[in-house]
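Here is how the chains run, residue by residue.
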Amino acid sequence: MKSQSLQRLGIIGHPIAHTLSPAMHSAAIDELRIPFTYGVFDVVDEFLPALLASLRIVEFAGANVTIPHKVRIIPLLDAVDQDALKIGAVNTIVNRNGKLTGYNTDAAGIRKSLEPFMGKIRNAPAVVIGAGGGARAAAYAVSKNFSPASVRFYNRTAARAETLAGQFRELFPGIAYDCISDEGALRGAIAESVLIVNTTPAGMTPNSDALPIPPGIRFSNYQIILDIIYTPIETALLRRAKSDGATAVNGVEMFIHQGAIAFELWTGKKFPIDVARRAVLQALTARTGL
Ligand code: NAP
């Protein structure tokens with residue numbers, strides 16, 4: 001049971017000026033009228049240990065963690081949840097009596113976004129573009145919850161995709177993992193796949209015309225394209241997917257659901273998801289003028 005004194009929450013990252021987490025969590029806190037406040041911790045690498053030491057105080061309930069600290073924060077924590085350890089990235093920390101535990105709620109956010117397509121994804125090939133924290137969460141969520149036939153990774157730094165494929169082979173021996181080494185092979189892999197997930201920032205504001213795939217690749221109406229970017233709401237990749245008749249899924253629902261699970265871990269209260277979604281969409285609309 002939390003005390004009635006003000007409990008602090010926040011997001012740790014750098015740079016962090018454009019995060020939507022404060023708008024979303026503050027709307028939820030206001031709606032529930034609970035004694036929490038959500039702020040921003042803009043810290044570079046070298047100050048991360050000092051920040052975590054200062055956050056072990058009783059008033060601090062927990063935090064989100066974002067770029068570039070999701071991986072490097074792990075050794076600074078007291079405990080890490082099993083899923084987060086396997087993913088190799090933490091996006092949420094919870095303070096329990098001075099003990100900081102790390103979680104990964106990004107994977108659950110991706111699972112929620114893709115749940116409506118479970119039947120199509122199961123036993124079918126998938127492609128994950130990127131090899132960072134988002135790619136790890138995506139591959140984990142898809143592998144654990146949807147049992148795809150295969151997951152192929154494509155990354156501009158091929159060695160990172162190879163490492164990821166190797167790690168996932170050990171985690172899920174029943175699924176075939178591979179990496180795609182060039183654009184020609186990417187074309188072929190995309191043509192054969194039902195699910196394509198972009199986890200790179202290619203297409204994110206202000207580079208909203210950028211595509212994470214070579215120009216000229218077309219999609220089909222049986223394909224599901226998830227772009228985990230949420231600014232803009234509709235990326236160039238998703239516009240292409242829609243115009244080709246494929247199913248386009250943006251990163252907004254992932255963002256809301258990763259926030260919902262984090263909020264429930266911190267507060268023990270049910271996240272008011274409709275209020276949060278409204279706040280996120282309002283903030284996105286105000287930002288992009290859409
Ligand atoms: P990350 O760990 O830094 O990984 C970024 C990946 O993208 C790396 O594989 C990197 O390749 C690749 N990449 C970076 N810039 C690229 C470019 N211009 N063209 C092609 N590939 C590029 O970042 P992350 O945490 O995975 O986040 C990636 C994106 O996902 C961001 O846009 C972020 O906002 C979004 N995201 C959304 C949510 C959500 O809730 N919807 C949650 C998490 C992340 P190298 O290995 O070659 O560097």
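Everything numeric here is computed off the predicted structure, so don't read it as measured data.

Q: Help me get a handle on the sheet that holds strand β12 (residues 247-249), residues and values and all.
A: On the basis of which strands lie adjacent, the open sheet formed by six strands has the order β9-β8-β7-β10-β11-β12 and parallel pairing. Each edge of the sheet is formed by a strand with only one pairing partner; in this case those strands are β9 (176-180) and β12. Going across the sheet, the axis of each strand differs from the next one's by a mean of 15°, ignoring polarity. Examined bridge by bridge, strand β7 (residues 125-129) and strand β10 (residues 195-198) share four bridges and lie parallel to one another. When the bridges of β10 are listed, Val128 appears paired with Val197.

Q: Give a description of the pairing of β7 that names residues and reports values.
A: Of all five residues that make up β7, four are buried, and the element is covered over most of its length. Examined bridge by bridge, β7 and strand β8 (residues 150-154) share five bridges and lie parallel to one another. Of the residues in β8, the one forming a bridge with Val128 is Phe153. The β-α-β motif built from β7, the intervening helix α6 (residues 133-146) and the parallel element β8 has right-handed crossover chirality.

Q: Give a detailed account of the pairing of strand β5 (residues 92-96), specifying residues and quantitative values.
A: With respect to burial, β5 is a largely interior element, four of its five residues being buried. In terms of strand pairing, β5 meets strand β6 (residues 99-103) through five bridges, oriented antiparallel. Along β6, the bridge assignment pairs Thr92 with Tyr103. Linkage of β5 to β6, two consecutive antiparallel strands, is achieved through a turn of two residues, within which Asn97 is found at a positive phi near 55°.

Q: With reference to specific residues and values, describe the site of the ligand.
A: The immediate surroundings of the ligand are formed by 23 residues, with Ala131, Gly134, Asn155, Thr157 and Arg160 found nearest. Separating an oxygen atom of the ligand from a backbone N or O atom of Ala131 is a distance of 2.8 Å. Backbone polar atom of Ile228 to a nitrogen atom of the ligand: 2.8 Å apart, as the coordinates give it. In isolation the ligand exposes 930 Å². Once the protein is present, 78% of that is buried. Those elements giving two or more residues to the shell around the ligand turn out to be α6 and α10 (252-267). When its residues are assigned to classes, the shell around the ligand shows 10 nonpolar, nine polar and four charged. Inspection of the shell around the ligand shows a minimum of three residues originating in each of domain 1 (7-104 + 253-288) and domain 2 (108-250).

Q: Describe in detail the domain arrangement of the protein chain, supporting the description with residues and values.
A: Per the domain assignment, the segments of the protein chain are domain 1 (7-104 + 253-288) and domain 2 (108-250). Distance between the C-alpha centres of domain 1 and domain 2: 25 Å. Contact with domain 1, which involves 15 residues of that partner, is made by 15 residues of domain 2. When domain 1 packs against domain 2, close to 1,500 Å² is buried across both sides, 72% of that on carbon and sulfur atoms. For domain 1, the biggest contributors to the area lost against domain 2 are Lys86, Ile87 and Met254; these three give 38% of the whole. Taken together, the links from domain 1 to domain 2 amount to one salt bridge. In this structure, Asp83 engages Lys144 in a salt bridge whose closest nitrogen and oxygen atoms are separated by 3.1 Å. At the junction of domain 1 and domain 2, the tally comes to four residue pairs in polar contact (both at pLDDT 80 or more). Where the side of domain 1 that touches domain 2 is concerned, the elements lending two or more residues are α3 (82-87), α10 and α11 (273-288).

Q: Which residues make up the environment of Ile93, and what are the values?
A: By the element assignment, Ile93 lies in strand β5. Among the residues examined, Ile93 registers a relative accessible area of 0% and is labelled buried. Separated by 36 residues in sequence, Ile93 and Ile129 have C-alpha atoms that sit 27 Å apart. Ignoring anything within four residues of it in the chain, the contact list for Ile93 reads Ile12, Leu52, Ala61, Gly62, Ala63, Val65, Leu77, Thr101, Gly102 and Trp266.

Rules used throughout
- Here the residue index of a chain counts from 1 through its sequence in written order.
- It should be noted that, the model being predicted, local features are given only for residues of pLDDT at least 70 and side-chain atom pairs only at 80 or more, the latter also being counted only at that level, while totals for whole chains, interfaces and linings use all residues.
- Processing note: side-chain calculations cover all non-hydrogen atoms of the structure and skip hydrogens and water entirely.
- Between any two strands, at least two bridges found by DSSP are needed for them to pair.
- By the criteria applied, helices consist of DSSP H or I runs no shorter than four residues and strands consist of E runs no shorter than two, each listed in order from the N terminus.
- Each axis is a line fitted through C-alpha atoms, taken for helices only over the stretch in contact, and angles between the N-to-C directions span 0 to 180 degrees.
- Exposure classes here rest on a 1.4 Å probe applied to the protein chains alone. A residue is buried below 20% of its type maximum, exposed above 50%, and partly exposed in between.
- Clockwise travel from the first strand over the helix to the second, with the strands pointing away from the viewer, marks a crossover as right-handed.
- We call a residue near a molecule or strand whenever a single non-hydrogen atom of that residue lies within 4 Å of it.
- In protein, a polar contact means a hydrogen-donor-capable atom and an acceptor-capable atom, both N or O and within 3.5 Å, with residues adjacent in sequence counting only if both atoms are side-chain atoms; elsewhere, any N or O pair within 3.5 Å suffices.
- Note that accessible areas follow from Shrake-Rupley with a 1.4 Å probe, and for residues the cover is restricted to the protein chains shown.
- All amino acids are sorted into three groups, where Ala, Val, Leu, Ile, Met, Phe, Trp, Tyr, Cys and Pro are nonpolar, Asp, Glu, Lys and Arg are charged, and the leftover types, Gly among them, are polar.
- The split into domains, and so the bounds of each, comes from an automatic or database assignment of domains.
- Contacts: residue pairs with any heavy atoms within 4.5 Å of one another.
- Simply put, the buried area is the total loss of 1.4 Å probe accessible area from both parts when two parts are fitted together.
- In what follows, salt bridge is the name for a side-chain nitrogen of Lys or Arg lying within 4 Å of a carboxyl oxygen of Asp or Glu.

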